[in-house]
Amino acid sequence: MRLVNASVLNDPYVMAKTPKKANAQPTTADKAAADASAFLALACTNTALRRAARRLGNLYDDALAPVGLKATQIGLLADIERLSAADEGRSPTLQDLATKLVLQISAVTHALRPLVRDGLIVLSPDKEDRRAKRASLTAEGVALLHRALHLWAAANRQVEDVLGSESAIALRTLADYVSSDEFLAAYSGDNSDGVKAR
């Protein structure tokens, strides 16, 4: 049995080169099929990244199930701890977290709610700006984060084993770039002065 690559069969350019009867005009169905094939052949970076993120998210969620939190929640705890350590122990504001996570502040507030309810995080007003809130881990939050990091590390090692070390590094580097302000400026056509290119 001879297998034929389906993408070749559905490629409108290949289809156009397929000999037809002399003087045969493309039908509406032929044109619709060519348009649909062209659309399906488009490589959507957004779709591919979202699909990959869902797969990885599910794998890490499964690995972290013993501590009762999702990977995104452990990530929030880790980011609060990391930002605090980088600022000499000063807890990050919700805006700091939103900026780091490339999220709206309302999404950060929503994500923190169950962690506050469960006593893993405490929110307190900023001493200089009473309108701003700072997030810090409770002793229970720190303990849970440290337990979770062992589970996370095992899942991370397994992902790296499957991808290979170089591919895993390249994937993280590319993901970090895509989430950066530098990428956003380049995508928007802004030059280094923040002025939009014409």
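Conventions and cut-offs
- Residues numbered from 1 in each chain as written.
- Predicted model: local features only at pLDDT ≥ 70, side-chain atom pairs only at ≥ 80, totals over all residues.
- Heavy atoms only, no water.
- Helix = DSSP H or I, 4+ residues; strand = E, 2+ residues; numbered from the N terminus.
- Buried < 20%, exposed > 50% of the residue type's maximum accessible area, 1.4 Å probe, protein only.
- Contact = heavy atoms within 4.5 Å.
- Areas by Shrake-Rupley, 256 points an atom, 1.4 Å probe, with all protein chains shown as cover.
- Axes fitted to C-alpha atoms, helices over the stretch in contact; angles between N-to-C directions.
- Parallel < 35°, antiparallel > 145°, perpendicular 65-115°, else oblique.
- Phe/Tyr/Trp six-rings, centres within 6.5 Å; stacked < 30°, edge-to-face > 60°.
- pLDDT = per-residue confidence, 0-100.
- Core = buried A, V, L, I, M, F, W, Y, C linked by side-chain atoms within 4.5 Å.

Turning our eyes to something else, we now look at the overall build of the chain. Each helix and strand counted, the chain has ten helices and two strands in total. If you list the helices and strands of the chain from N to C, you get α-α-α-α-α-α-α-β-β-α-α-α. When burial is assessed residue by residue, the chain has 20% of its 198 residues classed as buried. For the chain, the share of sequence-separated contacts (at least 6 apart) that also reach a separation of at least 24 residues comes to 44%. Just so you have it, the chain exposes about 14800 Å², and 58% of that area is on carbon and sulfur atoms.

What follows concerns the packing of helix α5 (residues 71-86) against helix α7 (residues 105-117). Where α5 contacts α7, the axes come no closer than 10 Å and their chain directions differ by 90°. If you check the angle between α5 and α7, you find them roughly perpendicular. Each of Gln-73, Leu-76, Leu-77 and Ile-80 in α5 lies in contact with α7, whose residues at this interface are Ala-111, Leu-112, Pro-114 and Leu-115.

With that settled, the discussion passes to the packing of aromatic side chains. Two aromatic rings, taken as a pair, are described by how far apart their centres are and by the angle between their planes. Counting across every chain of the model gives two aromatic pairs. Note on Tyr-177 and Phe-183: the rings are 5.5 Å apart at their centroids and 85° apart in plane angle, and the pair reads as edge-to-face. For Tyr-177, a relative accessible area of 32% gives the class partly exposed. A ring pair is formed by Phe-183 and Tyr-187, whose centres lie 6.3 Å apart and whose planes are at 25°; its orientation type is stacked. A residue pair is termed a helical-turn pair when its members lie 3 or 4 positions apart in one helix, as Phe-183 and Tyr-187 do in helix α10 (residues 181-188) at four residues. On the accessibility criterion, Phe-183 (28% relative accessible area) is partly exposed. Residue class for Tyr-187 comes out exposed when judged on its relative accessible area of 66%. Each residue in the set Tyr-177, Phe-183 and Tyr-187 is aromatic and connected to the rest through ring pairs, giving one cluster.

Right, let's talk about the confidence of the model for the chain for a bit. On average, residues of the chain score 84 in pLDDT, and 80% of them reach the 70 mark or higher. When pLDDT is averaged over each element of the chain, helix α8 (residues 139-163) comes out on top at 96 and helix α1 (residues 6-10) at the bottom at 44. Here residues 1-17 is a poorly scored stretch, pLDDT under 50, and it has ten contacts once near neighbours within four places are set aside; other chains count.

Let's shift gears to the side chain of Thr-93. Assignment of secondary structure puts Thr-93 in the loop between α5 and α6 (94-101). Excluding residues within four positions of it along the chain, Thr-93 makes contact with Lys-133 and Arg-134.

A few words now on the nonpolar core. Core analysis: the largest hydrophobic core is formed by 21 residues, its most contacted members being Ile-74, Leu-77, Leu-112, Leu-115 and Ile-121. For this core, the secondary structure elements donating two or more residues are α5, α6, α7, β2 (133-137) and α8. Counting residues per element, this core draws most heavily on α5, at five residues. Here Leu-77 is in contact with Leu-69, Leu-115, Leu-120, Ile-121, Leu-137, Gly-141, Leu-144 and Leu-145, once residues within four sequence places are set aside.

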